[in-house]
Structure formats: structure tokens, C-alpha cells
Amino acid sequence: MIKPVPHVSAMAAYALADLGGAHTISMAQNESTFPASPAAIAAGQAAMAELPLYPNPEWPDLRAAIAETYMLEPNLILCGAGSMELIGCLIRAYAGPGDRVLGTDYGYAFVSSASAQVQADYVKAREVDLTVSMDEILAAVTPETRIVFVCNPGNPTGTLISNAEIIDLRNALPADVMLVVDQAYAEFSDAGNDPAEIFALVERGDTVVMRTLSKAYGLAGARVGWGYFPAKIGAEVRKLLNPNNVSIPSQAAAAAAVRDQVHMRDVVARTAEIRDRFADDCRAMGLHLPQSHTNFVLLRFASPEQAQAADQALRAENLLMRGMGGYGLSDCLRATICAPEVMDRARDVLKGALK
Ligand SMILES: *Cc1c(COP(=O)(O)O)cnc(C)c1O
């Protein structure tokens, strides 16, 4: 009998989003409803001519684009096939059997799966009012804790804590505990929240910041994420990355997308406008929604039964939101912000279901 190693055999498969049928409109994966920058699409297409070659393992032009745009040191940037790849390699490099990886109640589900892959224990600190709590995180740190993951803005909550709170948390954590700030949605909150303050934490040597092209830049299908790493941590993670991890068209498209900040900011502004109008409509129907700082909203219903009934009514109209039972929020659905006409349909179906 051919057998896998026991801890892999014991793992559940990663819970992927339900994608529905051919006519389904997905509001389930927080993809951008707007296309990527036209410059990014053109660069990706032009790069197809280079496909006989392997991609450059140093991502030189993409790193340069990120470094210029965010005013960072290019050598401290690592690119991944999505930030998922970087998160997985970081956990493999810094946690093992018996170690703890600490997240929060509604933190990113993939961190739990990546911890199980290395037999580390994934533990969740409580959130308060669907928001990350520095005190709860500090109370959950033990001598076994190796890495703390904070997702800010949060997914699936959409809530934001201030840069000052992140900096206070870093100062209060033991020096041998790594802090990872997952900023997958930060482009939606950067305007009022100087990103340089968080990137500066990397200079301390114990903090990593993760970003992605999958959300505000509209390139989820290209699979490009990046992180800002202290040199020593980056060198270890580097050993575990697939050396040719980001394809040539993806590197080209991502570099052009990052250089087109005007397009990205326009997407962010239009998304926020659609989001806030939908949120107001939902609140007017009596639903509870925390203020979102992302491209999705969390809808809180009166009960799990009501959330389920709303989900069924939406599905009957080919609208698919994301159920939140896996996060212990079975009274909630998460809705990615889509085109205004889709949001209006969703609002009307919800209105009918809540009668
Ligand atoms: C979407 C998302 C990511 C990014 O995933 P990619 O692998 O870069 O597509 C990371 N963290 C959170 C919380 C996310 O929602």
C-alpha cells in the first residue's frame, strides 16, 4: 500500500470557494469587478512572445516597479505566485511541529492550512466587534508562538485597525516572534493610512508585509503577490520558493499595473462608491454591516436561518455570495463588490428574501 505521511493524510483539502454553475455571477472571491490597467493587459500580451524562455527568477522589472511606486528597497522585495506562495514558504521556513502560528478569529483561512502542512498549531486570538484586537493577540502569545499573522484590512470582516495599533503591537510582541501584516486589501485604505509607516517596520528585522496584485490591481488570474522582507528572513524564504514562480506574462502585466497608479486609484474610488451605496441600501433593510475598507462587505443577518434563506434566494437568481460558516459566522454572507447593476439586483433579491 502506498501511504502519504500521516499529517498530510489527516489534513482536509483546502476549502475552495463554491463557484456555482455556468450562469453564476460570482460575488464570492473578492476579485476586482474592473479590468486591469490597459497597459498591464498590453504588456502581458506582448510578453507572450517570450514564452519559450523561463521567467527571470529575480523579477527585476516588477521589483523595480514596486520599489519606485512604494518607495522601497528592491532587494527586500520577493514576488510569489500569489501572496499565498509567500505565506506558505514563510511558514515552512519559520514554523514546524509543535510550534504555534497565531492568527485571529477571522484571519486568512490559508494560514491555517499552511500551518497544518508543517505540523504547526494554528491558534486564533479573539477579535472584538469583528475587529483585530491587539490585547487579545498579546494575551494569546505563548513561548511556542513563532509567527503572528494580522490581516489589515481584515478579510472577511473588511474592518481596519490603525497603523499606530500595528506599530504598538509590534513593539509589545517578543522580539523572537515574527509579525506578518497581510495587506491584501491595503490599496483600498492606503489613502488615509500612510503605507510607509508599515513598510518601515521591516527595517526592525522581525516584521514582514504582504501585498498582492489580485485585488485592487485586478490581476487575480495572473497569480502575483509580493512581500517586503527583512534581508535575513527573505533569504530563508527564497530557498523554498519555486525559482521560476511568476510567469513572464504575469511579471510584465504586474509591473505595468503597478506603474499605472492612476488606473488603480480610479478602480479603488469606483469600487468604494458602489460599496458604500450597497452598504447603505442593506443597512436600510435592517442588516448589520461593519464599515468596509476593502472591495467586499460582510452582511450580518438576524440569524443563521435568515442568512441561509438569503443565500438560497440569491442562488436562485444566479448570484453567489460566500457563506461564512467556516469562520463561525453562519449568520453572515460576504459579498464582493461587483458592477452597480449586479449590486442592485443583489439588493432587490435580499429585500425580497427579508420580507
Ligand atoms: C486575496 C487575499 C490574499 C492574496 O492572495 P493571492 O495569493 O495573492 O491571490 C492574501 N490574503 C488575504 C487575506 C486575501 O484575502
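Keep in mind it's a predicted model, so treat the numbers as computed, not measured.

What counts and how
- Residues numbered from 1 in each chain as written.
- Predicted model: local features only at pLDDT ≥ 70, side-chain atom pairs only at ≥ 80, totals over all residues.
- Heavy atoms only, no water.
- UniProt positions renumbered as here; feature names shortened; annotations may be inferred.
- Helix = DSSP H or I, 4+ residues; strand = E, 2+ residues; numbered from the N terminus.
- 1 Å grid on protein atoms, 1.4 Å probe; cavity = no way out; pocket = protein on both sides within 12 Å on 5 of 7 lines; lining within 4 Å.
- Points joined across faces, edges and corners; volume = space filled by probe spheres on them.
- Nonpolar A, V, L, I, M, F, W, Y, C, P; charged D, E, K, R; others polar.
- Axes fitted to C-alpha atoms, helices over the stretch in contact; angles between N-to-C directions.
- Parallel < 35°, antiparallel > 145°, perpendicular 65-115°, else oblique.
- Left-handed = near helix turned anticlockwise from the far one by under 90°.
- Contact = heavy atoms within 4.5 Å.
- Near = heavy atom within 4 Å.
- Polar contact = N/O pair within 3.5 Å; in protein donor to acceptor, adjacent residues only side chain to side chain.
- Sits in = over half its atoms within 2 Å of the grid points.
- Phe/Tyr/Trp six-rings, centres within 6.5 Å; stacked < 30°, edge-to-face > 60°.
- Buried < 20%, exposed > 50% of the residue type's maximum accessible area, 1.4 Å probe, protein only.
- Salt bridge = Lys/Arg side-chain N within 4 Å of Asp/Glu carboxyl O.
- Domains from an automatic or database assignment.

Caption draft 1: Examining the UniProt feature "domain: Aminotransferase class I/classII large" (unreviewed entry) in the protein chain more closely. Within this numbering scheme, the UniProt entry marks residues 24-349 as carrying the feature "domain: Aminotransferase class I/classII large" (unreviewed entry). With 41% helix and 17% strand, residues 24-349 has end C-alpha atoms that lie 15 Å from one another.

Caption draft 2: Summary view of empty space enclosed by the protein. This structure, assessed with the given rule, holds two cavities of 30 Å³ or more. Contributing to the lining of the largest cavity are Ile 87, Gly 103, Thr 104, Gly 107, Tyr 108, Val 111, Tyr 122, Phe 149, Val 150, Cys 151 and Asp 182. Listed by contribution, the elements that provide at least two residues to the lining of the largest cavity are β3 (100-104) and β7 (145-151). Among the elements that take part in the lining of the largest cavity, β7 stands out by supplying three residues, more than any other. When its residues are assigned to classes, the lining of the largest cavity shows seven nonpolar, three polar and one charged. Empty space within the second largest cavity amounts to approximately 50 Å³. Forming the boundary of the second largest cavity are Asn 152, Pro 153, Leu 160, Asn 163, Gln 183, Ala 186, Ser 189, Asp 190, Asn 193, Pro 195, Ile 198 and Arg 211.

Caption draft 3: Quick peek at the packing of helix α3 (residues 60-70) against helix α10 (residues 248-259). Across the interface, α3 lies against α10 with an axial gap of 8 Å and an inter-helix angle of 15 degrees. Classified by the angle their axes make, α3 and α10 are roughly parallel. The two elements α3 and α10 meet at a crossing, and its hand is left-handed. For the pair formed by α3 and α10, the contact residues are Pro 60, Asp 61, Leu 62, Ala 64, Ala 65, Ile 66, Glu 68, Thr 69 and Tyr 70 on the first element and Gln 251, Ala 254, Ala 255, Val 258 and Arg 259 on the second.

Caption draft 4: The arrangement of the site of the ligand in detail. Lining the immediate environment of the ligand, one finds 13 residues, of which Ser 83, Asp 182, Thr 212, Ser 214 and Lys 215 sit closest. With respect to the ligand, the backbone of Met 84 contributes an N or O atom lying 3.0 Å from an oxygen atom. Judged by its atoms lying within 2 Å of the grid points, the ligand is housed in the largest pocket. Tallied by class, residues from the shell around the ligand come to five nonpolar, five polar and three charged.

Caption draft 5: Spotlight on the packing of aromatic side chains. Evaluation of the coordinates by the stated rule reveals seven aromatic pairs. A ring pair is formed by Tyr 108 and Phe 110, whose centres lie 6.3 Å apart and whose planes are at 50 degrees; its orientation type is tilted. The exposure class of Tyr 108 is partly exposed, given its relative accessible area of 22%. With a centroid separation of 5.8 Å and an interplanar angle of 20 degrees, the aromatic rings of Phe 199 and Trp 226 are classed as stacked. One end of the pair, Phe 199, is in helix α8 (residues 195-199); the other, Trp 226, is in strand β10 (residues 225-228), and 27 residues separate them in sequence. Here the two residues Phe 199 and Trp 226 agree in accessibility, since each one is buried. The rings of Tyr 70, Phe 199, Trp 226 and Tyr 228 are connected pair by pair, giving a single aromatic cluster.

Caption draft 6: Here's a closer look at the pattern of salt bridges. Counting across every chain of the model gives 20 salt bridges. Across the pair Glu 58 and Arg 63 runs a salt bridge whose closest N-O atoms are separated by 3.2 Å. With relative accessibility at 37%, the residue Glu 58 sits in the partly exposed group. Among the residues examined, Arg 63 registers a relative accessible area of 9% and is labelled buried. The partner of Arg 315 in a salt bridge is Asp 311, and the shortest N-O contact between them spans 3.2 Å. With Arg 315 and Asp 311 both in helix α12 (residues 304-316) and four residues apart, the pair spans about one turn of that helix. Given the relative accessible area of 37%, Arg 315 is considered partly exposed. Overall, Asp 311 belongs to the buried group, its relative accessible area being 14%.

Caption draft 7: View of the layout of surface pockets. The volume enclosed by the largest pocket comes to roughly 1100 Å³. The wall of the largest pocket is formed by 46 residues, among which Tyr 14, Ala 15, Met 84, Tyr 108 and Arg 322 lie closest to the centre. Of all the secondary-structure elements, those providing two or more residues to the lining of the largest pocket are α4 (83-94), α5 (109-117), β4 (121-125) and β13 (322-323). Looking at the lining of the largest pocket residue by residue, the class counts come to 23 nonpolar, 13 polar and 10 charged. Counting only domains with at least three residues in the lining of the largest pocket, you end up with domain 1 (6-30 + 262-354) and domain 2 (38-260). In this model, the second largest pocket occupies a volume close to 340 Å³.

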